[in-house]
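# Summary of structural features
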Amino acid sequence: MTDHLLIESGGPQTGPACERFVGDATRLAGDGHRVVLFLVENGVTAALPGAAPGIETFLRGGGEVWVDTFSAAQRALPATDLAADVRMVEMDDVAAKLLEPQVRAVWH
Amino acid sequence: MPGEVIQERARWLLIMEKAYRGSVETQFADALYVVPDLHRQSGGGCDLALRGPAVGYAVRTVAPQPPLRLGGRTLDTLPDPRASVTKVLDAGVTVLVEEPDLAALGRTAADRLLPGVQVIEPYGLAARWPSYEQVWFL
Amino acid sequence: MARPIPATDVLLNLFGAPHQSDLVTSALRLATALLDRGARVQIWTCGDATGLTSAALGDTKPRDLTDLERRHPSTALIVRNLLADHPDRLYWYVCRFCADDRGAADQIPQVSKRSPFLFAEHVKAADKALVMGVC
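Residues numbered from 1 in each chain as written. Chains lettered and ligands numbered in written order. Predicted model: local features only at pLDDT ≥ 70, side-chain atom pairs only at ≥ 80, totals over all residues. Heavy atoms only, no water.

## Regarding the sheet that holds strand E1 (residues 8–14) of chain C
All names here are of chain C. Across the sheet, which stays open at both edges, the five strands sit in the order E4-E3-E2-E1-E5 with parallel pairing between neighbours. Every interior strand has two partners, whereas the edge strands, strand E4 (112–114) and strand E5 (126–132), have only one. Averaged over all neighbouring strand pairs, the angle between strand axes comes to 25 degrees, with direction disregarded. Here strand E2 (residues 41–45) runs beside strand E3 (residues 90–95); their pairing, made up of five bridges, is parallel. Note that in E3 the partner of Trp 44 across the bridge is Tyr 93. (Pairing = 2+ DSSP bridges. Helix = DSSP H or I, 4+ residues; strand = E, 2+ residues; numbered from the N terminus. Axes fitted to C-alpha atoms, helices over the stretch in contact; angles between N-to-C directions.)

Dropping the structure here:
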């Protein structure tokens, strides 16, 4: 099994593209890999409840959702308005994850 | 010889989903232009996946695209994605599309798929990601 | 003859265009976070991102007409300063083909223009490589 850091920057406004990428993350998690989905820039809006139904499926499948604190603040999204199961992170947390030797990262 | 080739065959998955990124300003230098050389640089290790609107690059047009007249100029050097995909295939790159994207392009799209392009199951790409060293959305 | 490429922990390939999203900001934030952790970082720009380090930008953005006394740094100055902050751990490369194609051939001297034929060498020199945005 492998560790993955998938980074979504576009969010639900990009329609199918975001949905597909979240679906990719779900497939990887479903196959037993450890997956962190990091939402950044407009991607953070996917953490609003109901905004991206695939996120719930991904979480249920064992994935972790990280939300960029900077992007959320920029977009006036308080953590309390976001889905309960997401983790607010700083870019330092992402850097630490990216530097873990076994982690593979994909930016979308 | 421009640039060395990686001695061990790398495994790079290149995914294109954003399509039609400028005709007049792009001309020959479309996103597919770099793929044959990336394949060479990787030691023959690139696979290309066309997703979403980009799947149309692998589907034959039903009529030739006419040149574009802009004022007194006739511009006949617009991008030709199907020719570009053919060059990519000829370079030895495996080209993949996911079945739902082909279906979304209309009832005759699958019949017009360029020879050599492989169709895989939904989310079949993601299942293969762990087998690649690099997965890049280009 | 091409200069040797320093070994790095991460290669950030900045392919997306400035002024379209927060991509450039994200790339610089991530680079800073990596550098703060002691990592060695390459940045390679393609497409319109090559304009970030265009010499034509000078040091400042055009003046804010509502606040004439205040100066705002250009991206070229921001990148120059970032490179000066990390002289041995941050390397910035600009795709020569894209720079020429997008009218940014004249680059600040602190960055290195590279042929796209050498891209794989840069990938090989890094433990991890991200492609951020599309050209």
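Let us keep going from here.
## A look at the interface of chain B and chain C
Taken together, the contact pairs 18 residues of chain B with 15 residues of chain C. Interface area, chain B with chain C, both sides summed: about 1,400 Å², of which 65% is carbon and sulfur. Along the contact surface separating chain B from chain C lie zero salt bridges. For the pair chain B and chain C, the interface holds six residue pairs in polar contact (both at pLDDT 80 or more). Looking at the side of chain B that touches chain C, the elements that each hand over two or more residues are helix H1 (35–41) and strand E7 (134–137) of chain B. The dominant element in the side of chain B that touches chain C, judged by the number of residues it contributes, is H1 of chain B, at four residues. Split into classes, the residues belonging to the side of chain B that touches chain C amount to ten nonpolar, three polar and five charged. (Contact = heavy atoms within 4.5 Å. Buried area = accessible area lost by both parts, 1.4 Å probe. Salt bridge = Lys/Arg side-chain N within 4 Å of Asp/Glu carboxyl O. Polar contact = N/O pair within 3.5 Å; in protein donor to acceptor, adjacent residues only side chain to side chain. Nonpolar A, V, L, I, M, F, W, Y, C, P; charged D, E, K, R; others polar.)

## Considerations on the interface of chain A and chain C
With 21 residues of chain A at the interface, the matching set in chain C holds 18 residues. Regarding the contact of chain A and chain C, the summed buried area is about 1,600 Å², with carbon and sulfur atoms giving 64% of it. In terms of surface lost to chain C, no three residues of chain A exceed Met 91, Leu 98 and Trp 107 of chain A, which account for 40% of the buried area on that side. At the boundary of chain A with chain C, the tally comes to three salt bridges. Residues Asp 92 of chain A and Arg 37 of chain C are paired through a salt bridge, measuring 2.8 Å at the closest nitrogen-oxygen approach.

## Things to note about the pairing of strand E3 (residues 64–68) of chain A
All names here are of chain A. For E3, a buried count of four out of five residues is recorded, marking the element as mostly surrounded by other parts of the structure. Sheet topology places E3 next to strand E4 (residues 87–89); three bridges connect them, and they run parallel. Residue pairing for E4: Trp 66 is matched across the bridge by Arg 87. Traced from E3 through helix H3 (residues 69–74) to E4, the parallel crossover comes out right-handed. (Buried < 20%, exposed > 50% of the residue type's maximum accessible area, 1.4 Å probe, protein only. Right-handed = clockwise from strand over helix to strand, strands pointing away.)

## Quick word on the packing of aromatic side chains
Scanning all chains against the criterion turns up eleven aromatic pairs over all chains. For the pair Tyr 33 of chain B and Phe 97 of chain C, a centre-to-centre distance of 6.1 Å together with 35 degrees between the ring planes defines the contact as tilted. Residue Tyr 33 of chain B is found in the loop between strand E1 (12–16) and H1, and its partner Phe 97 of chain C is found in helix H3 (residues 96–101); the two belong to separate chains. Judged by centre distance (6.3 Å) and plane angle (50 degrees), the ring pair of Phe 15 of chain C and Phe 119 of chain C falls under tilted. With a gap of 104 residues between them, Phe 15 of chain C in the loop between E1 and helix H1 (23–36) and Phe 119 of chain C in helix H4 (residues 119–124) connect regions that are remote in the sequence. (Phe/Tyr/Trp six-rings, centres within 6.5 Å; stacked < 30°, edge-to-face > 60°.)

## Observations regarding the packing of helix H1 (residues 16–30) of chain A against helix H2 (residues 53–60) of chain A
Residues and elements named next belong to chain A. At a minimum axis separation of 9 Å, H1 and H2 run at an interaxial angle of 15 degrees. Here H1 is positioned roughly parallel relative to H2, judged by the angle of their axes. The interaxial crossing formed by H1 with H2 has left-handed handedness. Packed against H1, whose contacting residues are Val 22, Ala 25, Thr 26 and Ala 29, the element H2 presents Gly 54, Ile 55, Thr 57 and Phe 58 at the interface. Of the residues contributing to the contact of H1 with H2, the split by class is five nonpolar, three polar and no charged. (Parallel < 35°, antiparallel > 145°, perpendicular 65-115°, else oblique. Left-handed = near helix turned anticlockwise from the far one by under 90°.)

## Concerning the pattern of salt bridges
Enumeration according to the criterion identifies 17 salt bridges over all chains in this entry. The salt bridge involving Arg 34 of chain A is made with Asp 3 of chain A; its shortest N-O contact spans 2.9 Å. In this pair, Arg 34 of chain A is assigned in strand E2 (residues 34–39) and Asp 3 of chain A in strand E1 (residues 3–8), connecting sequence segments 31 residues apart. A relative accessible area of 47% means that Arg 34 of chain A is categorised as partly exposed. Judged by its relative accessible area of 11%, Asp 3 of chain A falls in the buried class. Between Arg 51 of chain B and Glu 98 of chain B there is a salt bridge, with its nearest N and O atoms 4.0 Å apart. A residue pair is termed long-range when its members are at least 10 positions apart, and Arg 51 of chain B in the loop between strand E2 (46–50) and strand E3 (68–70) and Glu 98 of chain B in strand E5 (residues 94–98) qualify at 47 residues.

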